Amino acid sequence: MRVDSWIWSARLTKTRSIASNACRDGHVLVNGVRVKPAHVVRVGDEVRHAA
């Protein structure tokens, strides 16, 4: 599943486009690495908000 879709479906953002923008702006980390919106999230991955 795409990370932007996951963030939106977990209701961490109001819309998927806001989730995509957060990824593009470098605010999303998966396993400690900044990712693009299309990055695939798998079971066991850690998704965090970058400060």
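Here the structure is a predicted model, which is why all the values come from computation and not from measurement.

Caption draft 1: Quick look at the sheet that holds strand S2 (residues 33-34). Spatially, the three strands line up as an open sheet ordered S2-S1-S3, and their pairing is antiparallel. Looking at which strands have only one partner, the edges of the open sheet turn out to be S2 and strand S3 (47-49). Where strand S1 (residues 28-30) meets S3, three bridges bridge the pair, whose relative direction is antiparallel. Of the residues in S3, the one forming a bridge with Val 30 is Val 47.

Caption draft 2: The arrangement of unusual backbone geometry in detail. The phi angle at Arg 11 is positive, at roughly 60°, despite the residue not being glycine. With respect to the helices and strands, the residue Arg 11 is situated in the loop between helix H1 (3-9) and helix H2 (16-24). Here Arg 11 falls in the exposed class, since its relative accessible area comes to 58%.

Caption draft 3: Spotlight on the packing of aromatic side chains. Going through the model one piece at a time under the given rule, you end up with zero aromatic pairs. Cation over ring: Arg 11 sits above Trp 8, and NZ or CZ is 4.9 Å from the ring centre.

Caption draft 4: Local environment of the pattern of salt bridges. Counted by the stated rule, this structure contains three salt bridges. As a salt-bridge pair, Asp 4 and Arg 2 come within 3.0 Å of each other at their nearest N and O atoms. Assessed through its relative accessible area of 0%, Asp 4 is described here as buried. Looking at Arg 2, the relative accessible area reads 33%, which means it is partly exposed. Here Arg 16 ties to Asp 4 by a salt bridge, and the two come within 3.3 Å at their closest N and O atoms. Residue Arg 16 is found in helix H2, and its partner Asp 4 is found in helix H1; the two are separated by 12 residues along the sequence. What makes Arg 16 partly exposed here is its relative accessible area of 37%. Among the charged side chains, a network of salt bridges with common partners joins Arg 2, Asp 4 and Arg 16.

About the criteria used
Per chain, residue numbering runs from 1 following the sequence as it is written. Only residues with pLDDT of at least 70 get local features here, since the model is predicted, and only at 80 or more are side-chain atom pairs given and counted; chain-wide, interface and lining totals rely on the full set of residues. Derived side-chain values reflect all non-hydrogen atoms in the structure, with water molecules and hydrogen atoms excluded from consideration. Each pair of strands is called paired provided DSSP finds at least two bridges between the two strands. Numbering of helices and strands starts at the N terminus; helices are DSSP runs of H or I of at least 4 residues and strands are runs of E of at least 2. Only protein chains enter the accessibility calculation, which uses a 1.4 Å probe. A residue is then buried if its area is under 20% of the maximum for its type, exposed if over 50%, and partly exposed in between. The criterion for an aromatic pair is that two Phe, Tyr or Trp rings (for Trp, the six-membered ring) have centres within 6.5 Å, with stacked assigned to planes under 30 degrees apart, edge-to-face to planes over 60 apart and tilted to the rest. By definition, being over a ring means that NZ of Lys or CZ of Arg is both within 6 Å of the ring centre and within 35 degrees of the ring normal. Salt bridges are identified by distance alone: a Lys or Arg side-chain nitrogen within 4 Å of an Asp or Glu carboxyl oxygen.

None of this, on its own, says anything about what the molecule does.
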